Amino acid sequence: MTDFIAGLPKCELHLHIEGTLEPELKFELAERNGIELPYASVEEIRAAYSFDDLPSFLKIYYEGMDVLRTEPDFYDLAMAYLRKAASQNVRYAEIFFDPQAHTSRGVPFDIVIRGLRRALIDAENRLGIKAQLIMCFLRDFQAEYAMATLLSSLPYREWIVGVGLDSDEKGNPPVKFKAVYERARQEGYLLTMHCDVDQENSTEHIRQAIEEIGVDRIDHGVNSLEDPALVEAIRARGLGLTVCPISNGYVTDSMKADAIRRMLDLGLRVTVNSDDPAYFAGYVQENLVALADALSLSREDLVQLERNAFEITWLPRHVKDAYLAELDAYAAR
Ligand SMILES: [Zn+2]
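Residues numbered from 1 in each chain as written. Predicted model: local features only at pLDDT ≥ 70, side-chain atom pairs only at ≥ 80, totals over all residues. Heavy atoms only, no water.

Threshold: UniProt positions are given in the numbering used here, feature names are shortened, and annotations may be inferred rather than shown by experiment.
An unreviewed UniProt entry annotates the protein chain as Adenine deaminase of Streptosporangium carneum. Within the UniProt record for the protein chain, the comment given under Catalytic activity (unreviewed entry) is "adenine + H2O + H(+) = hypoxanthine + NH4(+)". Its UniProt record, at the heading Sequence similarities (unreviewed entry), says of the protein chain: "Belongs to the metallo-dependent hydrolases superfamily. Adenosine and AMP deaminases family. Adenine deaminase type 2 subfamily."

1. Remarks on the nonpolar core
Let me state the cut-off plainly: In these notes, a set of buried Ala, Val, Leu, Ile, Met, Phe, Trp, Tyr and Cys residues joined through side-chain atoms within 4.5 Å is what counts as a nonpolar core. Relative accessibility decides the category of a residue: with a 1.4 Å probe and only protein chains considered, values under 20% of the type maximum give buried, values over 50% give exposed, and everything between is partly exposed. Strands are runs of DSSP state E lasting at least two residues, helices are runs of H or I lasting at least four, and both sets are numbered from the N terminus onward. Every residue pair with non-hydrogen atoms within 4.5 Å of one another is taken to be in contact.
Judged by nonpolar contacts, the single largest core of 116 residues is most densely connected at Ile-95 and Phe-97. Take this core: its biggest share by element is eight residues, from helix α5 (residues 71–87). Setting aside anything within four residues of it in sequence, one finds Ile-95 in contact with Leu-15, Ile-17, Tyr-81, Leu-82, Leu-120, Ala-131, Gln-132, Leu-133 and Ile-134. In this structure, Phe-96, Ile-134, Cys-136 and Val-161 belong to the second largest nonpolar core, which totals five residues.

2. A closer look at the coordination of the zinc ion
The line we're drawing: Note: metal donors comprise N, O and S atoms at 2.8 Å or less from the metal (3.2 Å for Na, K and Ca); water molecules are not included, so apparent gaps in a site are possible. All geometry calls rest on donor angles, where a four-donor set with angles between 85 and 135 degrees is tetrahedral, four- and six-donor sets with opposite donors more than 155 degrees apart and all others between 65 and 115 are square planar and octahedral, and all else is irregular.
Each protein donor to the zinc ion is listed here as His-14 (NE2), His-16 (NE2), His-194 (NE2) and Asp-275 (OD); together their distances run 2.1 to 2.3 Å. What the four donor atoms of the zinc ion show is an angle range of 83 to 173° at the metal, which sorts the shape as irregular. Sequence spacing of the donors to the zinc ion: H-x1-H-x177-H-x80-D. Summarising the burial analysis for this pair, His-14 and His-16 share the class buried.

3. Quick look at the layout of surface pockets
To keep it simple, the criterion reads: Cavities and pockets are defined on a 1 Å grid built over the protein atoms alone: a cavity is a set of grid points where a 1.4 Å probe fits but cannot escape, while a pocket is an open set with protein on both sides within 12 Å along at least five of seven lines, and lining residues are those with an atom within 4 Å of any such point. Grid points are joined across faces, edges and corners, and a volume is the space filled by probe spheres set on the points. Residue polarity follows a fixed list, in which Ala, Val, Leu, Ile, Met, Phe, Trp, Tyr, Cys and Pro are nonpolar, Asp, Glu, Lys and Arg are charged, and the others, Gly among them, are polar.
Approximately 180 Å³ is the volume found for the largest pocket. In this structure, the largest pocket is lined by Arg-117, Leu-120, Ile-121, Glu-124, Lys-130, Ala-131, Gln-132, Leu-133, Glu-158, Trp-159, Ile-160 and Val-161. Of all the secondary structure elements, the ones that give two or more residues to the lining of the largest pocket are α7 (109–127), β3 (130–138) and β4 (160–166). Class assignment for the residues of the lining of the largest pocket results in seven nonpolar, one polar and four charged. Counted as a void, the second largest pocket has a volume near 150 Å³. Forming the walls of the second largest pocket are Lys-26, Ile-35, Glu-36, Leu-37, Pro-38, Tyr-39, Tyr-49, Ile-60, Glu-63, Gly-64, Asp-66 and Val-67. Counting residues per element, the lining of the second largest pocket draws most heavily on helix α4 (residues 54–64), which supplies three residues. In the lining of the second largest pocket, the residues fall into seven nonpolar, one polar and four charged.

Below is the structure:
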């Protein structure tokens, strides 16, 4: 089954580029930028990755990205992920980036996006992996800062396919960003947002995302299963759910494998993704293998997960169809 998954044409839709910063690259960038890290070795960094909920993860996560300073740093970060993803036969990725995690510490927006964009172009030309960028707002900052970030993105509108919302959800509901999302929609961005797993008011936040924000997709969204009306709303609108099993295992009590099984059985467009693979020790291949083991997934289930993913991408119909044809050809072999 591991071999079958390795050969499967894959699609990743929930991936924070800052969460792909491996300890080896962290050391390299620290040296390049003359930054002293409080760790002596790669092993020491990995040992420090101990978190058991969202806030404890986020603390280590934001500390780690301080080594990202220049355009080549962001290029190298994205290129390392795209190389890894291509090696796992990820054919297409929609990549989150958090501009405020950088602008808030003095790194300009254009440095971040230019580095990422250049890597996407080079990866497509050299490795054949295609990717687009989704700009996320940090929900624990003020809505006004998110709006200012949205406005500063407009000169780069053609480089960004949509917007998302991440970071600490507690006390930061979707409606806090209603005006930001309305403006993003007007500017032509597609809309997604995190509805993290087992949060305070999880189901109410999912309801707000669907009904008051009008999202095109939901990141995580596992708790929707607790409310039949939400399941129906997700199904009726054909909304995709980008779920991250290994990540769930770190920040909640389990991978939520049974929930993913139920979503598949309900015909929801659930997908499997890696979230922050450098921190959770698993890229998309490892996530699919872990889930396949936990649920004894069939080949049909695995193909269905990837079909869902390609189907809910923010690509033109004919490009989606080309990837789906590739997937069908693999499944038929
Ligand atoms: Zn995430």
